[in-house]
Amino acid sequence: MVEAVQIPVEHIKESKLPQVDFKNLGFGKYFSDHMLEADYVNGEWTSVRIRPYQELGFLPALSVLHYSQTIFEGQKAHKDENGNVHIFRPHENWKRLNRSAERMAMPQVPEEIFVEGMKQLIELDKDFIPSGYDESLYIRPFLFATEETLGVKAANAYKFMIITGPVGAYFAEPARIYVEEKFTRAAPGGTGAVKTGGNYAASLLSSAEARKQGYDQVLWMDAIEHKYVQEVGAMNIFFMIGDKIITPDLSDGTILAGITRMSLIEMFKDAGHKVEERRISIDEIIEAYKSGQLKEVFGSGTAATISHVKELKYKDFVMELDVDAMTVSSQMKKELLDYKENKSGDKYGWLERV
Ligand code: PLP
Ligand code: COI
């Protein structure tokens, strides 16, 4: 447990709540009234504060703009039937942010700023939390370098922030995905397991190509043999082959250790399913498809929750999948959403009450 610190708040003069179209939320379109901010200067965290969501002043030499020392997290908060607000597994995101910080030569963010600060921020803006199916308050903590310098080195100044906003489902429809053969996302020793902006920047050309060809996303392959599947742009990937649920393992550091992935593995196992974390090749997936054993394919992530894949293409081979028949993951999606909304009792102790 961490000590609760009362963070100074500058309140917004006029709430932006009336501007939110709760019937048409989309993702990342609306931002709540307040933001949390803290500065790391001379080896210390200072000036933790909450103030109205607004522009940040910065100079052109701001080091993050040049060398991309920036990391982020993605989380969700839900309101339960009694109006209580719960954040899903915030301590896991705090730990992952600090693992990312270590790899990117950035300072550690204290738990009381990350978790306690987040709770205070959400308490202020809880009216922004929507209540429809698969809707939530999306939480975006992030840390970036703020030193004014063009020297290539770890910066000596950073800003940590949290912004939030109401969101709907990230993917409205089951996804059509193709297996990326030309570009790679991550190699062992690189930053694949780190939630840093550069990974996403490097993926954008590939996503744009996919979209031109009528696909929603790409499935990344390993950078060495181009044979083993890794993950999708903003989610981990699962395949149900026969009665086994298989997802790539995390051992070579090329895949983000998704908190949804980790939660689903535990929930599937508890529900009596066989789960394997291991390397899985595209050939194995194609073989399973041809023999009728590829039963379910889905991605997992905070923004995406569970998103089904209805088409998977590798070279010229197209695998069409029947999403209506994906009953195991559909049932689990409901269980996960119910869990986050505190409908099923907090059996694993994953909910943090605001
Ligand atoms: N992989 C990538 C590249 C992601 O951006 C995300 C989203 O955060 C995930 C996987 C899923 O991680 P989590 O379940 O922690 O949101
Ligand atoms: C999340 O699922 O929270 C993510 O961070 C994915 C994001 C890139 C939209």
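Residues numbered from 1 in each chain as written. Chains lettered and ligands numbered in written order. Predicted model: local features only at pLDDT ≥ 70, side-chain atom pairs only at ≥ 80, totals over all residues. Heavy atoms only, no water.

1. So, the domain arrangement of the protein
Okay, step 1: The domains assigned to the protein are domain 1 (17-168) and domain 2 (175-338).
Okay, step 2: On the side of domain 2, 20 residues touch domain 1, which itself brings 21 residues to the contact.
Okay, step 3: For domain 1, the biggest contributors to the area lost against domain 2 are Phe72, Arg96 and Arg103; these three give 32% of the whole.
Okay, step 4: At the boundary of domain 1 and domain 2, one finds 0 salt bridges.
Okay, step 5: For the pair domain 1 and domain 2, the number of links is 12 residue pairs in polar contact (both at pLDDT 80 or more).
Okay, step 6: For the side of domain 1 that touches domain 2, the elements supplying multiple residues, two or more each, are strand 3 (70-72), strand 4 (75-79) and helix 2 (90-103). (Domains from an automatic or database assignment. Contact = heavy atoms within 4.5 Å. Buried area = accessible area lost by both parts, 1.4 Å probe. Salt bridge = Lys/Arg side-chain N within 4 Å of Asp/Glu carboxyl O. Polar contact = N/O pair within 3.5 Å; in protein donor to acceptor, adjacent residues only side chain to side chain. Helix = DSSP H or I, 4+ residues; strand = E, 2+ residues; numbered from the N terminus.)

2. A short note on the site of ligand 2
Okay, step 1: With respect to spatial proximity, the complete set of residues near ligand 2 consists of Phe27, Phe72, Gly74, Tyr138, Arg140, Tyr170, Lys195, Tyr200, Ala234, Thr302 and Ala303.
Okay, step 2: Taking threonine 302, its main chain carries an N or O atom lying 3.4 Å from an oxygen atom of ligand 2.
Okay, step 3: In the model, an oxygen atom of ligand 2 is placed 2.8 Å from a nitrogen or oxygen of the alanine 303 main chain.
Okay, step 4: Split by residue class, the shell around ligand 2 holds 7 nonpolar, 2 polar and 2 charged. (Near = heavy atom within 4 Å. Nonpolar A, V, L, I, M, F, W, Y, C, P; charged D, E, K, R; others polar.)

3. Brief notes about the site of ligand 1
Okay, step 1: As a matter of local geometry, ligand 1 sits amid 16 residues, with Tyr200, Glu231, Ile259, Thr260 and Thr302 nearest to it.
Okay, step 2: Interatomic distance of 2.7 Å between a backbone N/O atom of isoleucine 259 and an oxygen atom of ligand 1.
Okay, step 3: Within the side chain of threonine 260, a nitrogen or oxygen atom sits 2.6 Å from an oxygen atom of ligand 1.
Okay, step 4: If ligand 1 stood free it would expose 390 Å²; the protein chains cover 96% of that surface.
Okay, step 5: Within the residue set of the shell around ligand 1, elements represented by two or more residues are helix 6 (259-270) and strand 14 (294-301). (Areas by Shrake-Rupley, 256 points an atom, 1.4 Å probe, with all protein chains shown as cover.)

4. Some thoughts on the pattern of salt bridges
Okay, step 1: On inspection of all chains with the given rule, the structure shows 22 salt bridges.
Okay, step 2: For the salt bridge of glutamate 147 with lysine 153, the shortest nitrogen-to-oxygen distance reads 2.7 Å.
Okay, step 3: The closest approach of N and O atoms between arginine 278 and glutamate 284, which form a salt bridge, is 2.7 Å.
Okay, step 4: Connected through salt bridges with shared partners, the residues Glu37, Asp39, Arg49, Arg51 and Lys159 form a single ionic network.

5. Remarks on the nonpolar core
Okay, step 1: By size, the foremost hydrophobic cluster in this structure holds 44 residues, and its most contacted members are Ile122, Leu143 and Phe160.
Okay, step 2: Counting only elements with at least two residues in this core, the list comes to strand 1 (34-41), strand 2 (44-52), strand 3, strand 5 (85-88), helix 2, helix 3 (111-124), strand 6 (136-145) and strand 7 (157-167).
Okay, step 3: When sequence neighbours within four positions are dropped, the list of residues in contact with leucine 143 reads Trp45, Gln69, Thr70, Ile71, Ala101, Met106, Pro107, Val109, Tyr158, Lys159 and Phe160.
Okay, step 4: Ala175, Ile241, Ile280 and Val323 belong to the second-largest nonpolar core, a separate cluster that totals 28 residues. (Core = buried A, V, L, I, M, F, W, Y, C linked by side-chain atoms within 4.5 Å. Buried < 20%, exposed > 50% of the residue type's maximum accessible area, 1.4 Å probe, protein only.)

6. Comments concerning the pairing of strand 14
Okay, step 1: Of all 8 residues that make up strand 14, 7 are buried, and the element is covered over most of its length.
Okay, step 2: As judged from the 6 bridges shared by strand 11 (residues 236-241) and strand 14, these two strands associate in the antiparallel manner. Counterpart to isoleucine 237 in the pairing with strand 14 is glycine 299.
Okay, step 3: Here 4 bridges tie strand 14 to strand 15 (residues 305-314), and the two strands are oriented antiparallel to one another. (Pairing = 2+ DSSP bridges.)

7. As for the packing of helix 2 against helix 3
Okay, step 1: Put simply, helix 2 and helix 3 touch, their axes get as near as 10 Å, and they point 145 degrees apart. Two packed elements cross with a definite hand, and for helix 2 against helix 3 that hand is right-handed. Touching Pro90, His91, Asn93, Trp94 and Leu97 of helix 2 are Glu111, Phe114, Val115 and Met118, all from helix 3.
Okay, step 2: Counted by class, the contact of helix 2 with helix 3 contains 6 nonpolar, 2 polar and 1 charged residues. (Axes fitted to C-alpha atoms, helices over the stretch in contact; angles between N-to-C directions. Left-handed = near helix turned anticlockwise from the far one by under 90°.)

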